[in-house]
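Residue-level listing of the chains:
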Amino acid sequence: REKVEMTKEQRALMKAIVDAYNRHQIPQDVAKKLLQEQYSAEENFLLLTEMATSQVQVLVEFTKNIPGFLSLDREDQIALLKGSTVEAMFLRSAQVFSRKMPNGHTVVLEERIRKSGIPDEFMTPMFNFYKSIGELHMVQEEQAILTAITILMPDRPYVKDHQAVERLQETMLNVLRKLCVLQHPQEQQYFARLLGRLTELRTLSHYHAEMLTSWKMNDHKFTPLLCEIWDVQ
Ligand SMILES: O=C1N(Cc2ccc(-c3nnn[nH]3)cc2)c2ccc(Br)cc2C12CCN(S(=O)(=O)c1cccs1)CC2
């Protein structure tokens, strides 16, 4: 098998994306609030909403730092952000949640999320996804690039310049493919497994859209940013 090596450009691109991914984190006090006391379902929901709002802000900042993103057509930039936020947020939540939270906390958070008015038929696929991400033991470079690949999905609704997005995503996929070979030499199909998670994310985002409707019915409140990005109300 030929020796896989990253080019100088690929290493620079990877560094830029990882730095952006790590630079923007949600304020830990928000996540900590979830862990503190026992709240009612409504208060839990409000905390998750607050956290989701910070997550979206963090994802917008991360996206702006993806090399090439800001040179895309402005309306396409918006279309990519709106189309990918739920998937990118769930991917990042699963990554951070399994890494950041000491075991005891995960149990508490799981129970808080369960008790926040999220329907069970959504909890199961969500936690299956979260576990399947944890089992991959992605290095942070893989996490950051996989998140960028999710955002640069050319087939999002209303994207006009399909080619331009495809070219950017292709560059990321090439870096991720090499990275997987270098980081997981024993697992031939590791790269394919990572991409398989993106399919699982699409299913989650369909569930999420359904949930939004039911939350809207039971007049759950969302922040202006989430209403804007999720077309709520
Ligand atoms: O909140 C979640 N969590 C807990 C969580 C998320 C992120 C951090 C964190 N810490 N530091 N950086 N990030 C900590 C805990 C989590 C964990 C795994 C998966 Br899969 C998914 C989630 C959601 C994502 C948002 N939804 S949501 O349905 O969009 C919704 C919005 C409003 C009310 S409910 C709920 C589940």
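This text follows the structure it describes.
Residues numbered from 1 in each chain as written. Predicted model: local features only at pLDDT ≥ 70, side-chain atom pairs only at ≥ 80, totals over all residues. Heavy atoms only, no water.

Engineer: I would appreciate a short explanation of the pattern of salt bridges in the present structure.
Structural biologist: Two side chains carrying opposite charge are able to pair once their charged atoms lie near each other. Tallying each qualifying case throughout the model produces eleven salt bridges. Glu 87 is paired through a salt bridge with Arg 156; the nearest N and O atoms lie 2.8 Å apart. Residue Glu 87 is located in helix 4 (residues 74–100), and its partner Arg 156 is located in the loop between helix 7 (140–151) and helix 8 (162–183); the two are separated by 69 residues in the primary sequence. Neither Glu 87 nor Arg 156 differs from the other in exposure class; each is buried. Two residues, Arg 202 and Glu 87, come together in a salt bridge whose shortest N-O distance is 4.0 Å. In this pair, Arg 202 is assigned in helix 9 (residues 190–217) and Glu 87 in helix 4, connecting sequence segments 115 residues apart. Here the residues in one salt-bridge network are Glu 87, Asp 155, Arg 156 and Arg 202, joined through shared partners. (Salt bridge = Lys/Arg side-chain N within 4 Å of Asp/Glu carboxyl O. Helix = DSSP H or I, 4+ residues; strand = E, 2+ residues; numbered from the N terminus. Buried < 20%, exposed > 50% of the residue type's maximum accessible area, 1.4 Å probe, protein only.)

Engineer: How should I be thinking about the packing of aromatic side chains in this particular structure?
Structural biologist: Between two aromatic rings, the relevant description is the distance of the centres plus the angle of the planes. This model, assessed by the stated rule, comprises eight aromatic pairs. On the numbers, 5.5 Å between centres and 75° between planes, the contact of Tyr 21 with Phe 62 is edge-to-face. Here Tyr 21 is found in helix 1 (residues 8–23), whereas its partner Phe 62 is found in helix 3 (residues 41–64), with 41 residues between them in sequence. The burial state of Tyr 21 is the same as that of Phe 62; both residues are buried. Relative to Tyr 207, the ring of Phe 122 lies with its centre 5.9 Å away and its plane at 50°, an arrangement referred to as tilted. With Phe 122 in helix 6 (residues 120–136) and Tyr 207 in helix 9, this residue pair connects regions lying 85 residues apart in the sequence. Residue Phe 122 is classed as buried on the basis of its relative accessible area of 1%. Through successive ring pairs, a cluster of aromatic residues spans Phe 45, Trp 215, Phe 222 and Trp 230. The ring of Tyr 21 has Arg 92 lying over it, and the distance from NZ or CZ to the ring centre is 4.8 Å. Cation over ring: Arg 114 sits above Phe 127, and NZ or CZ is 4.9 Å from the ring centre. (Phe/Tyr/Trp six-rings, centres within 6.5 Å; stacked < 30°, edge-to-face > 60°. Lys NZ or Arg CZ within 6 Å of the ring centre and 35° of its normal.)

Engineer: So what exactly am I meant to see when it comes to the site of the ligand here?
Structural biologist: For the ligand, the set of nearby residues contains 26 residues, the closest of which are Gln 28, Gln 55, Met 89, Val 96 and His 208. Here an oxygen atom of the ligand and a side-chain polar atom of His 208 are 2.9 Å apart. Out of a free accessible area of 730 Å², the ligand has 99% covered by protein chains. In terms of residue class, the shell around the ligand is built from 21 nonpolar, five polar and no charged. (Near = heavy atom within 4 Å. Polar contact = N/O pair within 3.5 Å; in protein donor to acceptor, adjacent residues only side chain to side chain. Areas by Shrake-Rupley, 256 points an atom, 1.4 Å probe, with all protein chains shown as cover. Nonpolar A, V, L, I, M, F, W, Y, C, P; charged D, E, K, R; others polar.)

Engineer: Which parts of the structure should I look at to understand the environment of Thr 150?
Structural biologist: As for its position among the elements, Thr 150 is in helix 7. On the accessibility criterion, Thr 150 (0% relative accessible area) is buried. Thr 150 sits 62 residues away from Ala 88 along the chain, and the two C-alpha atoms are 6.3 Å apart. Look past the residues within four positions of Thr 150 in its chain and what remains in contact with it is Ser 84, Glu 87, Ala 88, Leu 91, Arg 156, Leu 198 and Leu 201. Here Leu 146 takes part through its backbone oxygen, which lies 2.8 Å from a polar atom of the side chain of Thr 150. (Contact = heavy atoms within 4.5 Å.)

Engineer: Would you take a moment to explain unusual backbone geometry for this structure?
Structural biologist: As a rule of thumb, non-glycine residues mostly have phi less than zero, and peptide bonds are mostly trans rather than cis. The residue His 137 is not glycine, and still its phi comes out positive at about 45°. By secondary structure assignment, the location of His 137 is in the loop between helix 6 and helix 7. You will see that Asp 231, though not glycine, has its phi angle at about 50°, which is positive. When you line up the elements, Asp 231 lands in the segment after helix 10 (224–230). For Asp 231, a relative accessible area of 53% translates into the label exposed.

Engineer: Could you clarify how one ought to interpret the side chain of Arg 92 in this entry?
Structural biologist: Inspection of the secondary structure assignment puts Arg 92 in helix 4. Put simply, Arg 92 is tucked away with no salt bridge, and the nearest opposite charge, on Glu 61, sits 12 Å away. Sequence-distant contacts of Arg 92, that is, excluding residues within four places in its chain, are made with Tyr 21, His 24, Gln 25, Gln 55, Val 58 and Phe 97. (Lys, Arg positive; Asp, Glu negative; His and termini not counted.)

Engineer: How should the environment of Asn 65 be read in this particular structure?
Structural biologist: Looking at the element boundaries, Asn 65 is found in the loop between helix 3 and helix 4. Separated by 44 residues in sequence, Asn 65 and Tyr 21 place their C-alpha atoms 8.8 Å apart.

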